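Tertiary structure, described
Below, each chain spelled out in residue letters.
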Amino acid sequence: MTLNYIRRGRGRPLLLVHGLGAGWRSWAAIIEQLAERREVIAVDLPGFGDTPSLTGEVSIASLTYSVADFIREQGLDGVATAGQSMGGRIVLELARRGVGGDTVALDPGGFWSDRELAVFGATLRPSITLVRALRGMLPSLLGTPAGRTLLLAQLSARPWALSRETCLPDVVGLAEAPSTGAAMDALTKGPKQQGAPVGTVPGRVTIGWGRRDRVTLPKQAARATELFPDAELHWFERCGHFPQWDAPNEAIRLILENTD
């Protein structure tokens, strides 16, 4: 599997891994600012953006293998990684396997309790069904504060304050990406995230969490840091599931200051 990717900027390489949604364009709100200091490589996972779907099973393991293969093929051994949501889980899994360097995971999945996981699936799946039904109306709906509040209350702490350009790619991606459903199954039906004992990860690990995240709930941060005891935890105040939406400047600082 060859992943579609883009490169921006110069400097030490930084690999970005997205969650459910638009592929690499999920980082559009902050990628140019990151590229002022780093060479940013942002991938489309299989079945998202412009990367074809996997021919076999879609799982967190198979998606992680695709990124690990990309790192090897591109000669990026030891590359710093940053991921959000499902992408946050993938970069933590890479670190657990000893792949990459410094790691920043923003609101990562995989740390739900059984009950929280059931609620996650029961609430996000209908949201995906809704945006698929409204596909043709999304640009106009997301062009108003009321429309953004209606559609994005689960994802953002202040959806009315976002611009349409910030959120439209990810919402359209939820509706159109071929692997959205399979990736949801991987998150909700597959194994939970395993941890890494002290001293076994290849670099620094930083986990950022939104205080108002309604997808990966803030209480899950304690489980994440218990499983990754080398990790430093950073709280985003007044922030939901997408720090690059709700707190872009803070997300940029966190990534740049915690990756080499």
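Conventions adopted
- Residues numbered from 1 in each chain as written.
- Predicted model: local features only at pLDDT ≥ 70, side-chain atom pairs only at ≥ 80, totals over all residues.
- Heavy atoms only, no water.
- Helix = DSSP H or I, 4+ residues; strand = E, 2+ residues; numbered from the N terminus.
- Contact = heavy atoms within 4.5 Å.
- Disulfide = S-S within 2.5 Å.
- Patch = residues over 30% accessible without salt bridge, like charges linked within 9 Å, V, L, I, M, F, W, Y side chains within 5 Å.
- Areas by Shrake-Rupley, 256 points an atom, 1.4 Å probe, with all protein chains shown as cover.
- Salt bridge = Lys/Arg side-chain N within 4 Å of Asp/Glu carboxyl O.
- Lys, Arg positive; Asp, Glu negative; His and termini not counted.
- Charge placed at Lys NZ, Arg CZ, Asp CG, Glu CD.
- Buried < 20%, exposed > 50% of the residue type's maximum accessible area, 1.4 Å probe, protein only.

**Remarks on the environment of P248**
Relative to the helices and strands, P248 is located in helix α11 (residues 248-257). Here the alpha-carbon distance between P248 and G110, two residues 138 residues apart in the chain, equals 23 Å. Residues in contact with P248, not counting those within four places in the same chain, are I30 and P243.

**Quick word on the state of the cysteines**
Per the counting criterion, the structure on display carries zero disulfides. C239 supplies the cysteine sulfur nearest to C167, a cysteine that is in no disulfide, at a spacing of 14 Å.

**Considerations on a positive patch on the surface**
Where like charges cluster on the molecular surface, the positive patch consists of R158, R212, R214 and R238. Tracing the chain through its elements places R158 in the loop between α6 (145-152) and α7 (164-176).

**Let's talk about helix α3 (residues 86-96)**
Of all eleven residues in α3, ten are buried; the element is thus mostly enclosed. Along α3, the residues classified as buried are M86, G87, G88, R89, I90, V91, L92, E93, L94 and A95. Buried positions along α3 lie against β2 (13-17), α2 (60-73), β4 (80-84), β5 (103-106), α8 (180-189) and β6 (205-210). G98 sits one or two positions beyond α3 and adopts a positive phi of about 85°.

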